[in-house]
Every structure is written in C-alpha cells, then in structure tokens.
Amino acid sequence: MDHDYGHWQDVTTRWNDNDQYGHLNNVVHHSIMDTVVNRWLIENGCLDPHEGDTVGLVKQVHCEYRAQAGFPDVVSVGLRVGELGNTSVRFEVGMYRGDGELFFTGHFVHAFIDRASEETVPIEGDRRAALEGLQRP
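We now turn to the structure provided with this report. (Residues numbered from 1 in each chain as written. Predicted model: local features only at pLDDT ≥ 70, side-chain atom pairs only at ≥ 80, totals over all residues. Heavy atoms only, no water.)

A word on the pairing of strand β3 (residues 74-84)
Thought 1: Among the 11 residues of β3, 8 are classified as buried, and the element is accordingly described as predominantly covered.
Thought 2: Both strand β1 (residues 7-12) and β3 contribute to a ladder of 6 bridges, which runs antiparallel. From the neighbouring strand, Gln9 faces β3, where its bridge partner is Val77.
Thought 3: Summarising the sheet, β3 and strand β4 (residues 88-96) pair through 8 bridges and their orientation is antiparallel. Within β4, the residue paired with Leu79 across the bridge is Val93.
Thought 4: Linking two consecutive strands that pair antiparallel, namely β3 and β4, is a turn of 3 residues. (Buried < 20%, exposed > 50% of the residue type's maximum accessible area, 1.4 Å probe, protein only. Helix = DSSP H or I, 4+ residues; strand = E, 2+ residues; numbered from the N terminus. Pairing = 2+ DSSP bridges.)

Below, the structure is given as structure tokens:
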C-alpha cells in the first residue's frame, strides 16, 4: 500500500453495494470517498455540519477505477491533501482491497462556504493547520 497517505480508514462493504455484475457499484466508490473525507474533517475540527458557520461543498470529483472490489471486502482508504488553496482543498484518495491491491484512486475538491451568505471563506487558523498536516510528504 502507498505510504504517502497521512490518514487511513477501513470501510466494510455491504451486501447491497454490489451491482448486478458482482462488483462495487460506481456510486459506492463516491460514497466511500465522501464519507472518509467528511469523517476526517469532522474528527479533526475542520467541519461541524450541524452548528458550524461554514460548510464544505463539493466542487469536483474525479475517479479512476483500476480493478474490481465487492462484497465482502474490507476497503482500506488512504487520504491526503493534494492541493491546499485559499478557499478550497483537493483531497486525494486511494482504495485498497484486503489483499493490498489498489483498486481505485480519486480526488475530491471541497470549497468552504459561509453558511449564511453562501460565499467562499478563506481556509485559516486551526482548519488550515489540520489540512496542512494531511498534505503529502
């Protein structure tokens, strides 16, 4: 597995994640990526989806499918920050099956938006520091 990811999270696939061909439906890859990114943001104090003044909105998603995965796989997801701008961040994700095979890579761009005005806000302070800590080495 790629050791350039600063954060790892395991996700267990579910029975209904498979499509009619017996592998993960493409929407599941997106869901896993979205879940891992947002969980990291919440756990690291970068996002409070219920009470926070800012929210993270998706601006772009890119996916590359390299191999098949399906139920019952445990997916190890690597997460890092590939690019950190003034108001947005590009998260990079690698998904590995239990046997260590990389089956998916992608990136996910979040912009931080003021909840009330819906205007972009700068990434500063503790949020910037946490995201800088997740940048690739």
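Additional details are given in the paragraphs that follow.
Thoughts on helix α1 (residues 26-43)
Thought 1: If you check α1, its first and last C-alpha atoms are 26 Å apart, about what 18 residues at 1.5 Å a residue would give, namely 26 Å.
Thought 2: Every buried residue belonging to α1 is among Val28, His29, Ile32, Met33, Val36, Val37, Asn38, Trp40 and Leu41, and all of these are buried.
Thought 3: Looking at the buried positions of α1, the neighbouring elements they touch are β1, β2 (54-65), β3, β4, β5 (102-114) and α2 (125-133).
Thought 4: Phi turns positive one or two residues past the end of α1, at Gly45, with a value near 70°. (Expected span 1.5 Å × (residues − 1). Contact = heavy atoms within 4.5 Å.)

Quick word on the environment of Asp10
Thought 1: Looking at the element boundaries, Asp10 is found in strand β1.
Thought 2: For the pair Asp10 and Cys63, spaced 53 residues apart in the sequence, the C-alpha separation amounts to 19 Å.
Thought 3: In contact with Asp10, not counting residues within four places along its chain, are Val74, Val75 and Ser76.
Thought 4: Here Ser76 takes part through its side chain, which lies 2.8 Å from a polar atom of the side chain of Asp10. (Polar contact = N/O pair within 3.5 Å; in protein donor to acceptor, adjacent residues only side chain to side chain.)

Quick word on the nonpolar core
Among soluble globular proteins, nonpolar side chains are generally buried collectively.
Thought 1: Judged by nonpolar contacts, the single largest core of 31 residues is most densely connected at Trp40, Leu41, Phe91, Met95 and Leu131.
Thought 2: For this core, the elements supplying multiple residues, two or more each, are α1, β3, β4, β5 and α2.
Thought 3: Per-element tally for this core: the top contributor is α1, with 7 residues.
Thought 4: In contact with Trp40, other than residues within four places in its own chain, are His7, Cys46, Leu79, Phe91, Ala130, Leu131 and Leu134. (Core = buried A, V, L, I, M, F, W, Y, C linked by side-chain atoms within 4.5 Å.)

A look at the packing of aromatic side chains
Each aromatic ring pair is specified by the distance between its two centres and by the angle formed by the two planes.
Thought 1: Scanning the entire structure with this criterion turns up 5 aromatic pairs.
Thought 2: Geometrically, the ring pair formed by Trp8 and Tyr96 is tilted, given 5.7 Å between the ring centres and 50° between the ring planes. In this pair, Trp8 is assigned in strand β1 and Tyr96 in strand β4, connecting sequence segments 88 residues apart.
Thought 3: When its relative accessible area of 33% is taken as the criterion, Trp8 is described as partly exposed.
Thought 4: The residue whose ring lies beneath Arg80 is Tyr5, and the NZ or CZ to ring-centre distance is 4.2 Å.
Thought 5: Taking the ring centre of Phe112 as reference, the NZ or CZ of Arg127 above it sits at 4.2 Å. (Phe/Tyr/Trp six-rings, centres within 6.5 Å; stacked < 30°, edge-to-face > 60°. Lys NZ or Arg CZ within 6 Å of the ring centre and 35° of its normal.)

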